[in-house]
Amino acid sequence: MDISEKQLELVRNQIKRVKQFGNPFYTNKFKNINPEDIKTQSDFEKLPFSSKQELREQYPLGLATVEEEKIVRIHSSSGTTGTPVIIPYTQKDVDDWSTMFARCYQLAGITNKDRIHITPGYGLWTAGIGFQLGAEKLGAMAIPMGPGNTDKQIQMMIDCKSTVLCATSSYALLLAEEIEKRGLKDKIYLKKGVIGSERWGEKMRNRIKSILGIELYDIYGLTECYGPGIGINCANESGIHLFDDFVYCEILNPETGEKVKDGEIGEICLTTLVKEGAPLFRFRTHDLASFVTGECSCGSSYPRISPIMGRSDDMIKVKGNIIFPSTIEEIIKLVPGTSSEYRAVVEHIEGKDQMTLFTEVESGVDKTETANTLACKFKSKTNLTPIVKVVGIGELPRSEKKTKRIEDKRN
């Protein structure tokens, strides 16, 4: 989707500001660029990309484009390896983030009468505090649990009559299964779930919905760009609305960096329009999605993207076949009796690559037949035949955070 004149003006203002501030990183990036020359979509697309590695190299506070006394907070990306990316926030950045997050809740039909049960982590990670900021901006009751201690989570959910669950899809599933196992379904008051931080397939969505009997909403965001809350799907489930008065989104071919046609899957590339502490310019997120065209019947005019299909760096290549998590999820969905949970392990054995696919099935399902069916459908769709190992519901490990579903042991 093309950038508007209003958005172009905000981009010009941002480049002027960071150059005047004299931050070495941005000064070097835009040394040959005159902001006044950025007048069209084509001009904008000539601006250089930003990568996570570039941001990492500015550790700890090399991304700051305001005086230190204006920085009220820092956050860091959730990755566990390598140098972290540190993002400074001004008070305006925090306020803007809370405004966007409150909008997310409103698009999900959540009001100040709701009680919002927050399970994502607090601290340097943006998740927990983002959900709380939005709840407070909305005027709803925040129940800031943080992750872990499932017994206490469920007890507080019952005692505080939580109506909204905020969680990763992995932890939402874990909680749902525990509530079902303990026979507590009739004691909870949940009506909605706001789920983020990791990709989740239709089978997982339907399993959580069927166990808890709630509406589910897919929230989007990343630490480098405020955090979760820059977009969410509405009740129509026809795509994630992005708040384009704060963020401009491009969808690009991951290999060439060129814009794809509307409706085609590509890599999300984000530019912040008013962020003060550490603005982003054409940041390559590695998240894969497509634009959803046309007007949404919910009445919102914010542009839409599809649910996140995966990440370009989640892609693995096995015997010449490109496999994404979404590839496996689509195949599992075709086989009756399978659960949403799977693990794929890729190894190099006796000179050959081999994928082993572990998947769960419901009680009473013929495991041998299911394994054979999955292997055949996998071969048909990808030209790759995995070793399929079928287990019962709940036998694969559950996570309180994000779940790693594909493990490449070749390196």
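Before reading further, recall that the structure is shown in the block above.
What you see is a predicted model; the values in this text were computed from it and never measured.

1. Quick word on the packing of helix H7 (residues 150–159) against helix H8 (residues 169–181)
Right, so step 1: One way to put it is that H7 packs onto H8 with a least axis distance of 11 Å and a crossing angle of 75°. As far as their axial angle goes, H8 and H7 are roughly perpendicular. Residue-level contacts link Thr150, Gln153, Ile154 and Met157 of H7 to Tyr171, Leu174, Leu175, Glu178 and Ile179 of H8.

2. Observations regarding the sheet that holds strand S13 (residues 291–292)
Right, so step 1: Taken in spatial order, the nine strands of this open sheet run S4-S3-S5-S6-S7-S8-S9-S14-S13, and their pairing is mixed. If you trace the sheet from one side to the other, it starts and ends with strand S4 (141–144) and S13, each paired once.
Right, so step 2: Pairing geometry for strand S6 (residues 192–195) and strand S7 (residues 215–222), over four bridges, is parallel. The residue of S7 that forms the bridge with Lys192 is Glu215.
Right, so step 3: Against the sheet, helix H6 (residues 127–138) makes contact with strand S3 (115–118), S4, strand S5 (164–167), S6, S7 and strand S8 (227–233), and its axis sits at roughly 175° relative to S3, the strand it touches most.

3. A look at the environment of Thr359
Right, so step 1: Inspection of the secondary structure assignment puts Thr359 in strand S19 (residues 352–361).
Right, so step 2: Owing to a relative accessible area of 0%, Thr359 belongs among the buried residues under this scheme.
Right, so step 3: For the pair formed by Thr359 and Arg115, sequence separation is 244 residues and the distance between their alpha carbons is 35 Å.
Right, so step 4: In this structure Thr359 touches Ile332, Glu341, Tyr342, Leu374, Val388, Lys389, Val390, Val391 and Leu396, once residues within four positions along its chain are discounted.

4. A few points about H8
Two residues of an α-helix separated by three or four positions point the same way, owing to the 3.6 residues in each turn.
Right, so step 1: Along its 13 residues, H8 runs 18 Å from first to last C-alpha, staying within 8% of the 18 Å computed at 1.5 Å per residue.
Right, so step 2: Of all 13 residues that make up H8, eleven are buried, and the element is covered over most of its length.
Right, so step 3: Residues of H8 that are buried: Ser169, Ser170, Tyr171, Ala172, Leu173, Leu174, Leu175, Ala176, Glu177, Glu178 and Ile179.
Right, so step 4: Structurally, H8 contributes buried residues whose contacts are with H7, S5, S6, helix H9 (202–212) and strand S18 (338–349).
Right, so step 5: Residue Gly183 follows H8 closely and has a positive phi angle near 65°.

What counts and how
- Residues numbered from 1 in each chain as written.
- Predicted model: local features only at pLDDT ≥ 70, side-chain atom pairs only at ≥ 80, totals over all residues.
- Heavy atoms only, no water.
- Axes fitted to C-alpha atoms, helices over the stretch in contact; angles between N-to-C directions.
- Helix = DSSP H or I, 4+ residues; strand = E, 2+ residues; numbered from the N terminus.
- Parallel < 35°, antiparallel > 145°, perpendicular 65-115°, else oblique.
- Contact = heavy atoms within 4.5 Å.
- Pairing = 2+ DSSP bridges.
- Buried < 20%, exposed > 50% of the residue type's maximum accessible area, 1.4 Å probe, protein only.
- Expected span 1.5 Å × (residues − 1).

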